[in-house]
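# Remarks on the overall topology
Residues per chain are reported as follows:
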Amino acid sequence: MTYNTRIAPSPTGDFHIGTARTAYFNWLAARATGGRFILRIDDTDLARNQADSIQVIHDCLDWLGLTPDAVYTQSARLDRYRAVADDLVRQGKACRADNGAILLDGGQAASWQDLITGQMIPSQAAHDLAAGQVLMKADGMPVYHFASVVDDIDLGINCVIRGMDHASNTFRHAGLYDALGAAQPVFAHVGLITQNKKKLSKRDAAASLLGYRNQGVNPDAMLNFLLRMGWGPKQDDKSMAIIDRDRALDLFLDHGKMKASPAAMDLAKLTSFDRKYKARKKAALQASDLSPT
Ligand code: GLU
């Protein structure tokens, strides 16, 4: 199966290390199957947007060598969300509130088959959240859930790998796919990255990807580090100590497993990968110095 994947960061500050991991996993799934890897900028929360953040997203992906095939920006697609919402109103699946907001009428949460955790069934609370959810706000902006599903359908995204913190949203999203008459993508929710048993928040210095680049960390060492947080080869042995990008492409889907359990961030591992890559680079440079000209 060809997987078309995406990452969808919001330009609200630093590029989080969890987003970098999601980017690598989605990049691997797309590249390993001949699909597309898309960058979508989720910038509809105007109050939270930060001017430099879009550049930071590009800089981080460039540093890691995870080049997207296309870039879409949600703020450029507002007409599309309005048109889809209006269509749902015409079909009687959504209704307009007095203040102009558009609400899903009698929408339901839906179950999905997660690549990692298997069949996911919505609770009553998930149904309550989904029923009557706002699609477009009174100010004409779409709600994240609606815009995200419309985009993923329009862009042909058929595989969504993201953090476990989004699993509760996915019940709603699955229901929106039903309302829009579209097939669900394959969902995979990876365990969250933790430090000292706590979720790594955006404010933690250790969460900033640029911080590692600025410290001179080798980008391939970072990719190894990211790969090992929430994924492991089915057969682990010494030959797996370092997994280059090309090898990761071979292993990621067919010979490895993504995990739902929290992934502890162990910076000593990053240091060790970094030393190994730097030693390799030095050895390669020395070999080229010695080679006859
Ligand atoms: N903008 C959302 C976020 O940054 C996107 C999540 C997703 O659908 O992958 O959390």
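So, here's what we can say about the structure. Predicted, not measured: the structure shown is a model, and the values here were computed from it.

## Looking at the nonpolar core
Inside soluble globular proteins, nonpolar side chains tend to come together where they are buried. Counting 55 residues, the largest nonpolar core has Ile 17, Tyr 24 and Met 222 as the members making the most contacts within it. Top contributing element to this core by residue count: helix α1 (residues 17–33), with nine residues. Not counting residues within four places of it along the chain, the set of residues in contact with Ile 17 comprises Ile 193, Leu 200, Ala 206, Ala 207, Leu 209, Tyr 212, Met 222, Phe 225, Leu 226, Met 229 and Met 265. Formed by 31 residues, the second largest nonpolar core is a distinct cluster that contains Ile 38, Ala 126, Val 149 and Ala 179.

## With respect to the environment of Gly 163
Along the polypeptide, Gly 163 turns up in strand β9 (residues 159–163). When the C-alpha atoms of Gly 163 and Ala 188 are compared, they prove to be 8.2 Å apart, with 25 residues separating the residues in sequence. When neighbours within four sequence positions are excluded, Gly 163 is seen to be in contact with His 189, Val 190 and Leu 192.

## Focus: the site of the ligand
Every residue close to the ligand is listed here: Arg 6, Ala 8, Ser 10, Asp 42, Tyr 144, Ser 148, Arg 162 and His 166. One of the side-chain N or O atoms of Ser 10 is found 3.1 Å from a nitrogen atom in the ligand. Here Tyr 144 contributes a side-chain N or O atom positioned 2.6 Å from an oxygen atom of the ligand. Taken by itself the ligand offers 300 Å² of open surface, and the protein chains cover 78% of this. Using a 2 Å cut-off from the grid points, one finds that the ligand occupies the largest pocket.

## Here's the deal with the side chain of Arg 6
Here Arg 6 is to be found in strand β1 (residues 5–7). Of the polar contacts made by the side chain of Arg 6, one reaches the side chain of Asp 152; its length is 2.9 Å. With residues up to four places along the chain from it excluded, the contact list for Arg 6 reads Asn 26, Ile 38, Arg 40, Ser 148, Asp 152, Ile 157, Cys 159, Val 160 and Arg 162.

## What about the pairing of strand β10 (residues 186–190)?
On any regular strand, side chains alternate: one points to one face of the sheet, the next to the other face. Most of β10 sits inside the fold, with five of its five residues counted as buried. Here β10 shows two buried faces, one formed by Val 186, Ala 188 and Val 190 and the other by Phe 187 and His 189. In this sheet, β10 lies alongside β9 in parallel orientation, the contact comprising five bridges. By the bridge assignment for β10, Gly 163 is matched with Val 190. Handedness of the β9-helix α6 (residues 167–179)-β10 crossover: right-handed.

## Remarks on the layout of surface pockets
Reported here for the largest pocket is a volume of approximately 1,100 Å³. Secondary-structure elements contributing two or more residues to the lining of the largest pocket are β1, α1, α2 (53–64) and β9. At four residues, the largest contribution of residues to the lining of the largest pocket is made by α1. Taken together, the residues that form the lining of the largest pocket break down as 13 nonpolar, 14 polar and twelve charged. Every residue along the wall of the second largest pocket is listed here: Tyr 3, Leu 115, Ile 116, Trp 231, Lys 234, Phe 252, Leu 253, Gly 256, Lys 257 and Met 258. Examining the composition of the lining of the second largest pocket, we find that three residues originate from one element, strand β14 (residues 256–258), more than from any other.

Procedures and definitions
Residues numbered from 1 in each chain as written. Predicted model: local features only at pLDDT ≥ 70, side-chain atom pairs only at ≥ 80, totals over all residues. Heavy atoms only, no water. Core = buried A, V, L, I, M, F, W, Y, C linked by side-chain atoms within 4.5 Å. Buried < 20%, exposed > 50% of the residue type's maximum accessible area, 1.4 Å probe, protein only. Helix = DSSP H or I, 4+ residues; strand = E, 2+ residues; numbered from the N terminus. Contact = heavy atoms within 4.5 Å. Near = heavy atom within 4 Å. Polar contact = N/O pair within 3.5 Å; in protein donor to acceptor, adjacent residues only side chain to side chain. Areas by Shrake-Rupley, 256 points an atom, 1.4 Å probe, with all protein chains shown as cover. 1 Å grid on protein atoms, 1.4 Å probe; cavity = no way out; pocket = protein on both sides within 12 Å on 5 of 7 lines; lining within 4 Å. Sits in = over half its atoms within 2 Å of the grid points. Pairing = 2+ DSSP bridges. Right-handed = clockwise from strand over helix to strand, strands pointing away. Points joined across faces, edges and corners; volume = space filled by probe spheres on them. Nonpolar A, V, L, I, M, F, W, Y, C, P; charged D, E, K, R; others polar.

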